[in-house]
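Structure at a glance
The residues making up each chain are set out below.
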Amino acid sequence: MAGRLNGKTVVATACAQGIGRATAETFAREGARVIATDINVEKLKELEGIPGIEIRKLDATDNDAIKALAAEIETVDVLFNCVGIVENGTILDTTDEDFDLSVNVNIKTAFYMIKAFLPKMIAKKSGSIINMSSVASSIKGVTNRCIYAMTKAGIIGMSKGVAADFVKDGIRCNCICPGTVDTPSVRERMTVWGKEYFMKRQPTGRFGTPQEVANVALFLASDESSFVNGSEYRVDGGWVI
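A brief look at the structure comes next.

Calculation rules
Residues numbered from 1 in each chain as written. Predicted model: local features only at pLDDT ≥ 70, side-chain atom pairs only at ≥ 80, totals over all residues. Heavy atoms only, no water. Buried < 20%, exposed > 50% of the residue type's maximum accessible area, 1.4 Å probe, protein only. Helix = DSSP H or I, 4+ residues; strand = E, 2+ residues; numbered from the N terminus. Pairing = 2+ DSSP bridges. Right-handed = clockwise from strand over helix to strand, strands pointing away. 1 Å grid on protein atoms, 1.4 Å probe; cavity = no way out; pocket = protein on both sides within 12 Å on 5 of 7 lines; lining within 4 Å. Points joined across faces, edges and corners; volume = space filled by probe spheres on them. Nonpolar A, V, L, I, M, F, W, Y, C, P; charged D, E, K, R; others polar. Axes fitted to C-alpha atoms, helices over the stretch in contact; angles between N-to-C directions. Expected span 1.5 Å × (residues − 1).

1. Here's the deal with the pairing of strand 5 (residues 127–132)
Among the 6 residues that make up strand 5, 6 are buried, leaving the element largely enclosed by the rest of the structure. In strand 5, alternate side chains face the same way, and those of G127, I129 and N131 on one face and S128, I130 and M132 on the other are all buried. Relative to strand 5, strand 4 (residues 78–81) is paired through 4 bridges, and the arrangement is parallel. When the sheet's bridge partners are listed, F80 is paired in strand 5 with I130. At this point the chain moves from strand 4, through helix 4 (residues 96–124), to the parallel strand 5, and the crossover so formed is right-handed. With 6 bridges connecting them, strand 5 and strand 6 (residues 171–178) associate as parallel partners. The residue of strand 6 that forms the bridge with S128 is R172. Taken together, strand 5, helix 5 (residues 146–166) and strand 6 form a β-α-β motif whose crossover is right-handed.

2. Observations regarding the layout of surface pockets
In this model, the largest pocket occupies a volume close to 980 Å³. What lines the largest pocket is a set of 42 residues, and nearest its centre among them are C82, V83, G84, I85 and S185. In terms of residue count, helix 6 (residues 184–193) provides more of the lining of the largest pocket than any other element does, 5 residues in total. Of the residues in the lining of the largest pocket, the class split is 21 nonpolar, 14 polar and 7 charged. In this structure, the second largest pocket occupies an estimated 190 Å³ of space. As for the second largest pocket, its lining consists of 16 residues, of which S126, G127, G170, R172 and S226 are closest to the centre. The set of elements that each furnish at least two residues to the lining of the second largest pocket consists of strand 5 and strand 6.

3. Concerning the sheet that holds strand 5
Pairing within the open sheet is parallel, and its 7 strands lie in the order 3-2-1-4-5-6-7. Looking at strand neighbours, the two that pair on one side only are strand 3 (53–57) and strand 7 (232–235), the edges of this open sheet. Going from strand to strand, the sheet's axes swing by 20° on average, the running direction of each strand aside. The pairing of strand 6 with strand 7 spans 4 bridges and is parallel. From the neighbouring strand, C175 faces strand 7, where its bridge partner is E232.

4. Re helix 1 (residues 18–29)
Residues three or four positions apart in an α-helix share a direction because the helix packs 3.6 residues into each turn. Spanning 12 residues, helix 1 covers 17 Å between terminal C-alpha atoms, matching the ideal 16 Å at 1.5 Å per step. Counted residue by residue, helix 1 has 10 buried out of 12 residues, so it is predominantly covered. Looking at helix 1, one finds that the buried residues are G18, I19, G20, R21, A22, T23, A24, T26, F27 and A28. In the stretch just after helix 1, G31 is the one whose phi turns positive, near 100°.

Printed below as a string of structure tokens:
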């Protein structure tokens, strides 16, 4: 059966678990060759054997490692930047180290990946870049997420800038802005803040699933979204209605 990504090559980050993993698996099911990367090799190895997926260890904060990976890959049709961390606290709680780490992980990873792989897309006059942002960004102020929201707002701005600069080269750049999604990251934060802290902001009465976010990524990766550019897609169960 023909898949929506047949013949496409995808490079994706943070594929070991959560949204990144669900998206890598979804892309592969739809016929793509998926180069799934992560720094967590042991978890990433769980994807071995899935048709269409090739795993590679990658520290996406290491620009030299990213350049080396890009040199190995002849062509890329889709770039999915999913790396991120969540720093809790207000601006007064945030240290210089917290600030630098958030910028390095949440913004610079996408910056490095785009700079490395965008020229390959420009050369073929076609490509879809999908960046992971968040509802907690320029979209909505969320308590105890100041620096996280700053970096995710930066992802939205970067996505729009790339889209505007390279639209005439056949490049599309969009971002996905999830709300609360049932991932290992959220479960870890529940041990500190409690499940009710997160659930009370869910008008649907449940969390999102990684697959529900992956479905939007699939749309943005496929030719079905060929007229979509510079947009942010909220996948939040109506949190910001």
